[in-house]
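Close look at the chain arrangement
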Amino acid sequence: MIMNTFEDFFPKYAGKITDTTNDQESAFIQYCKVFSSLTTDSFYVFDVVQKRFCYIKPDNLFLCDHSTEEAMKLGYDFYKQIIHPDDLPLWTNILKIIPQYLNDRKDKWNEIDYFSCTLRLLRKYSFSSRFLSQMVYQRMKPICLNNQLRYFICIVGSSTYKETGNLLLHNKNILIYEEYNFITRRWKQQTRELLTEREKAILMLAKQGKNTVEIANDLYKGQNTIRNQIKSLFNKLKAHSIQEAIEFCDYYHPVSYTHLRAHETCADL
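Analysis parameters
- Residues numbered from 1 in each chain as written.
- Predicted model: local features only at pLDDT ≥ 70, side-chain atom pairs only at ≥ 80, totals over all residues.
- Heavy atoms only, no water.
- Phe/Tyr/Trp six-rings, centres within 6.5 Å; stacked < 30°, edge-to-face > 60°.
- Lys NZ or Arg CZ within 6 Å of the ring centre and 35° of its normal.
- Salt bridge = Lys/Arg side-chain N within 4 Å of Asp/Glu carboxyl O.
- Helix = DSSP H or I, 4+ residues; strand = E, 2+ residues; numbered from the N terminus.
- Buried < 20%, exposed > 50% of the residue type's maximum accessible area, 1.4 Å probe, protein only.
- Pairing = 2+ DSSP bridges.
- Core = buried A, V, L, I, M, F, W, Y, C linked by side-chain atoms within 4.5 Å.
- Contact = heavy atoms within 4.5 Å.

1. Structural notes on the packing of aromatic side chains
- Scanning all chains against the criterion turns up 18 aromatic pairs.
- Here the aromatic rings of Y76 and Y79 are separated by 5.8 Å at their centres, their planes lie at 80°, and the arrangement is edge-to-face.
- Members of the aromatic cluster, joined through ring pairs, are Y44, F46, F53, F62, Y76, F78, Y79 and W91.
- In this arrangement the basic side chain of K51 is found over the ring face of Y76, its NZ or CZ atom lying 5.0 Å from the centre.
- Lying over the aromatic face of Y151, R150 brings its terminal NZ or CZ to 5.4 Å of the ring centre.

2. So, the pattern of salt bridges
- Considering all chains together, one arrives at six salt bridges under this definition.
- A salt bridge links D87 to R120; the shortest N-O distance between them is 2.9 Å. Of this pair, D87 sits in the loop between α5 (78–82) and α6 (88–104) while R120 is found in strand β3 (residues 112–124), placing the two residues 33 residues apart along the sequence.
- Looking at R120, the relative accessible area reads 22%, which means it is partly exposed.
- The salt bridge partner of D113 is K141, with a shortest N-O separation of 2.7 Å. One end of the pair, D113, is in strand β3; the other, K141, is in strand β4 (residues 131–145), and 28 residues separate them in sequence.
- Of the residues examined, K141 reaches a relative accessible area of 9% and is grouped as buried.

3. Observations concerning the pairing of β4
- Two elements, β3 and β4, share ten bridges in a ladder whose sense is antiparallel. In the strand pairing of β4, L119 is matched with V136.
- With antiparallel pairing between neighbouring strands as the criterion, β4 and strand β5 (residues 148–158) make up a hairpin whose turn holds two residues, including N146 at a positive phi of roughly 50°.

4. Here's the deal with the environment of T164
- Along the chain, the position of T164 falls in the loop between β5 and β6 (165–171).
- Residue classification places T164 among the partly exposed positions, given a relative accessible area of 30%.

5. Thoughts on unusual backbone geometry
- A positive phi angle, near 55°, is found at C64, a position not held by glycine.
- For C64, the position within the fold is in the loop between α3 (60–63) and α4 (68–74).
- Not every positive phi belongs to a glycine, and Y220 is a case in point at roughly 55°.
- Tracing the chain through its elements places Y220 in the loop between α8 (212–219) and α9 (223–237).

6. A few points about the nonpolar core
- Y44, F62, W91, M140 and F152 are the most contacted members of the largest nonpolar core, which totals 37 residues.
- Broken down by element, the residue count for this core peaks at eight residues, all from α6.
- Non-local contacts of F62, meaning those with residues more than four positions away in its chain, are made with S42, Y44, F53, I56, F78, Y79, I82, L121, R123 and V156.
- Among the nonpolar cores identified, the runner-up in size contains 16 residues, and M204, I215, A216 and I226 belong to it.

Structure representation (structure tokens):
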């Protein structure tokens, strides 16, 4: 099992926090620092109540060439420095939608794993006179204390998606998720499709570090066929990269994909 996402560790620790005294918060931050040395993920911890960062891993994917000190000092206003101006209202809206969902659906707290969305960050390069945008996705793990949302554990990664938004609620039962419609302002429950045998084989080969060409050769298929099947796999898992798809299955189901029966998906094991 690949244990390299913050969600693997933090919920077990956060569940022991009963209030937000200075001593406990200090332990909380120390835990983040320890985990930071163990993972390649870009992540940060945001205090929703005080609108400040509790911790930011010194990783440039989220910081966008700004310093950790600058981000910590600016707090919520740091988002204005790094998020594309056209996407800032979207992010502001998401930070209202999720707490409202949690407030209205307290009976579902134990079923929720995390929320996710896509948006664009801005980056400045020396060879360009303008900022370049980079699409990223965020996985947001809500930590509720004393019956209210207190922290977001945010994992940031690059995304191949073309559109921003894509606000999803991922349940602990990974066959079920909810998708938010920004037009109707409603959540709709969805069910993930089953993975095909070839998609399971692609994940197994990708986990071995093989690229698209090598996977195509091993499966005696054309490269375009494999690329299309990978896109289909991303859509089914709501994943943004092959690595996320691998981690998604490994996180919940640490088994060899070659041993799956025809009627099974990684979600069934």
